[in-house]
Amino acid sequence: EKYENGASLKISRIPIKEGLFSTVKSCNYLPNVLMKKEALDAGVDFTVSLDAQGNLGESSTENCAIILNDEFLVPHFKQILRGVTLVRAMHLAQILVQEGQLKAVRHADISQENLAHAQEILMLGTTMDVLAITNYEGRKVGSGKPGPIFYELKKLIERDQLENHEMVTECESLAL
């Protein structure tokens, strides 16, 4: 249902992890748990943190990206985890640049105003790959439905996983 209709997002009141704790995967999941509880209490699917300057951070267990002015924008990795799915999506999104569907893929300081005016907001993570946000802070994102970049990126990720799965399977059979 979330892939068809999208998910909801709001800004978290839980502060972003600071320093080393923001870029290293550790056992300190208390802020993550509090962010997830906050989302559940608010009746939304996700909350995202903001850094001290008010720029986009990350969700409890997912990264976030936006499409703004036909650019795929991702927060800088200085205060968020360098998510494997996000990094792979950035690489695959270059295909959409080559096809003319996007102008660029880049890191940026993403303000709340950028989020409010985004053509698309995407959540990226291991359990979901990519999911469109269609409601941000009670307002619809774009048309209120998952957008074209979401669908194209989802296809690219799924194809990439299938191709890599076949490569891993082939390598495993050679090892036997």
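Residues numbered from 1 in each chain as written. Predicted model: local features only at pLDDT ≥ 70, side-chain atom pairs only at ≥ 80, totals over all residues. Heavy atoms only, no water.

(A) Structural detail: the side chain of Glu 71. Within the secondary structure, Glu 71 is located in strand S5 (residues 71–74). Residue Glu 71 is classed as buried on the basis of its relative accessible area, which comes to 18%. When near neighbours in sequence (up to four residues on either side) are disregarded, Glu 71 contacts Ile 66, Leu 102, Lys 103, Ala 104 and Arg 106. (Helix = DSSP H or I, 4+ residues; strand = E, 2+ residues; numbered from the N terminus. Buried < 20%, exposed > 50% of the residue type's maximum accessible area, 1.4 Å probe, protein only. Contact = heavy atoms within 4.5 Å.)

(B) Structural detail: the packing of aromatic side chains. According to the stated counting rule, one finds 1 aromatic pair in the structure shown. Stacked on the ring of Tyr 3, the Lys or Arg Lys 154 has its end atom at 4.8 Å from the ring centre. (Phe/Tyr/Trp six-rings, centres within 6.5 Å; stacked < 30°, edge-to-face > 60°. Lys NZ or Arg CZ within 6 Å of the ring centre and 35° of its normal.)

(C) Fine view of the nonpolar core. Counting residues in each nonpolar core, the largest one holds 23 residues, and the members touching the most others are Phe 72, Leu 102, Leu 122, Leu 124 and Leu 153. Of all elements in the fold, only strand S4 (63–68), S5, helix H4 (84–98), strand S7 (120–125), strand S8 (129–136) and helix H6 (148–175) reach the threshold of two or more residues within this core. Counting residues per element, this core draws most heavily on H4, at 6 residues. Contacts of Leu 124, omitting those with residues within four sequence positions, involve Glu 62, Asn 63, Ala 65, Thr 85, Leu 86, Ala 89, Asp 129, Val 130 and Leu 153. (Core = buried A, V, L, I, M, F, W, Y, C linked by side-chain atoms within 4.5 Å.)

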